[in-house]
Amino acid sequence: MIDLTAEYNRCVEEVKDKPMNIGMFKIMTANGTIKEAAMVANPKSLYLSFWYEGEVCCLFADCNLGKSILAVQIANEISKTEKVLYFDFELSNKQFQLRYSDEQSNLYTFPDNLFRVSIDRDSMDMNDLSNFEDAIIKDIEDTITSTDAKVAIIDNLTYLCLQAEKGDAAGSLMFKLMALKRKYGLSLLILSHTPKRPMTAPITQNDLAGSKRLMNFFDSAFAIGRSAKDENLRYLKQIKCRYGSFQYDGDNVIICSIEKVGTFLQFINQGYSTEREHLKELSDRDANGMTEKVKELISQGKTYRQVATEMGISLAKVQRLLKK
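Small disclaimer: the values here were computed from a predicted structure and weren't measured. Residues take numbers from 1 onward in each chain, read along the sequence in its written order. Thresholds applied to this predicted model are a pLDDT of at least 70 for local features of residues and 80 or more for the giving and counting of side-chain atom pairs; totals over whole chains, interfaces and linings are not thresholded and use all residues. To get the side-chain values, take all heavy atoms of the structure and skip hydrogens and water.

### Some remarks on a nonpolar patch on the surface
Taken together, the side chains of Met20, Ile22, Met24, Phe25 and Ile27 make up a nonpolar region of the molecular surface, amounting to roughly 580 Å² of accessible area. When contributions to the nonpolar patch are tallied by element, the ones reaching two or more residues are strand 1 (20–22) and strand 2 (25–27). What makes Ile27 partly exposed here is its relative accessible area of 38%. Patch membership needs two things, relative accessible area over 30% and no salt bridge, and members are linked within 9 Å if like-charged or within 5 Å if nonpolar (Val, Leu, Ile, Met, Phe, Trp, Tyr). For the accessible areas, the method is Shrake-Rupley and the probe is 1.4 Å, while residue cover comes only from the protein chains on display. Think of a salt bridge as a Lys or Arg side-chain nitrogen and an Asp or Glu carboxyl oxygen that are within 4 Å of each other. Helix and strand definitions here come from DSSP, where helices need a minimum of 4 consecutive H or I residues and strands a minimum of 2 consecutive E residues; each element is numbered from the N-terminal end. For each residue, the accessible area found with a 1.4 Å probe, counting protein chains only, is set against the maximum for its type, and the residue is called buried under 20%, exposed over 50%, and partly exposed in between.

This is the structure in structure tokens:
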């Protein structure tokens, strides 16, 4: 004999975890959400705890600190097991070749799964750049579908968005990239610059060049800093993460040198340190400039906490500077 009460309760349980759509919204109970998500495999790490599968990640740094070198190194490692597209909008073919060959003209052999994608400038209409962003996003999508790649690295953001410093333009670009991520199940690493910044201050998310809205769109972000102790050293710092933990924050940055091993130019791990050990000590001039900057931001109506976040210093330091 069927237990009607038990059957009823079972049906209720099934129905309450079913999603409901209202316009663009999908509504589901919290329990239903985690049950559904538990059926999907956990994302795997693509590069340490900086970048995970299915994420749109940002790598940013000042010019000439080795963003492209590190990005190619990451691409090289991932392509040993899966297909990777490296959209290179920075280097010419010859510049790329020289980085990955030695003085005897021996060439590095990359995995066959790594595809470098560059701009064919003869195919560009330089007289009509009004729809450049839409055109390049479409070509990125077509390249992804043609190769069936699930991992892509874009070097760099400035080339994609000529007006990245404007909030609306930056937001529009990121919406398009996020749409590609969802449509094809992509993992994206996007390289970007920082404006000129003092070596006395820790790197923060506010150092990402362009609109501050950009950082909101990234699932994760990490940066390369130059060591003030040794101009040949770099450090890697985790800036944002949504999966995993802040393993490489300011108290545990990765110290690296850039060396060519055989024919491969790469970052070599030299150990771990705190970021403050590699920052430049403030001169009297720097300190006075920081005090003036704090006062200027306060005069604009910003709170102490907002000033601390924007300048990458502590709340207590903001208060100390204002007392001078």
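### Side note on the environment of Leu297
Summarising the element assignment, Leu297 is placed in helix 9 (residues 284–299). When the C-alpha atoms of Leu297 and Ala308 are compared, they prove to be 10.0 Å apart, with eleven residues separating the residues in sequence.

### Topic: the sheet that holds strand 10 (residues 220–226)
Read from one edge of the open sheet, nine strands run 7-6-8-9-5-10-11-12-13, paired in mixed fashion. In this open sheet, the two edge strands, each paired with only one partner strand, are strand 7 (114–117) and strand 13 (264–273). Direction aside, the axes of adjacent strands within the sheet are offset by 25 degrees on average. Taken together, the four bridges between strand 11 (residues 233–240) and strand 12 (residues 253–261) define a ladder with antiparallel strand orientation. Residue pairing for strand 12: Leu236 is matched across the bridge by Ile254. The contact criterion used throughout is that any non-hydrogen atoms of two residues lie within 4.5 Å. The axes are straight lines fitted to the C-alpha atoms, using for helices just the contacting stretch, and the angles between their N-to-C directions are given from 0 to 180°. The strands touched by helix 3 (residues 67–78) within the sheet are strand 5 (56–61), strand 6 (84–88), strand 7, strand 8 (151–155), strand 9 (187–193), strand 10, strand 11, strand 12 and strand 13, with strand 13 carrying the most contacts at an inclination of about 100 degrees. The strands touched by helix 5 (residues 132–147) within the sheet are strand 6, strand 7 and strand 8, with strand 6 carrying the most contacts at an inclination of about 155 degrees. Pairing between strands is defined by DSSP: at least two bridges between them are needed.

### Thoughts on unusual backbone geometry
Here the residue pair Asp155 and Asn156 is connected by a cis peptide bond, since its omega of 20 degrees sits within 30 degrees of zero. Along the chain, Asn156 turns up in the loop between strand 8 and helix 6 (157–160). The backbone of Leu48 shows a phi angle near 45 degrees, a positive value even though the residue is not glycine. Within the fold, Leu48 resides in the loop between strand 3 (45–47) and strand 4 (51–52). With relative accessibility at 39%, the residue Leu48 sits in the partly exposed group.

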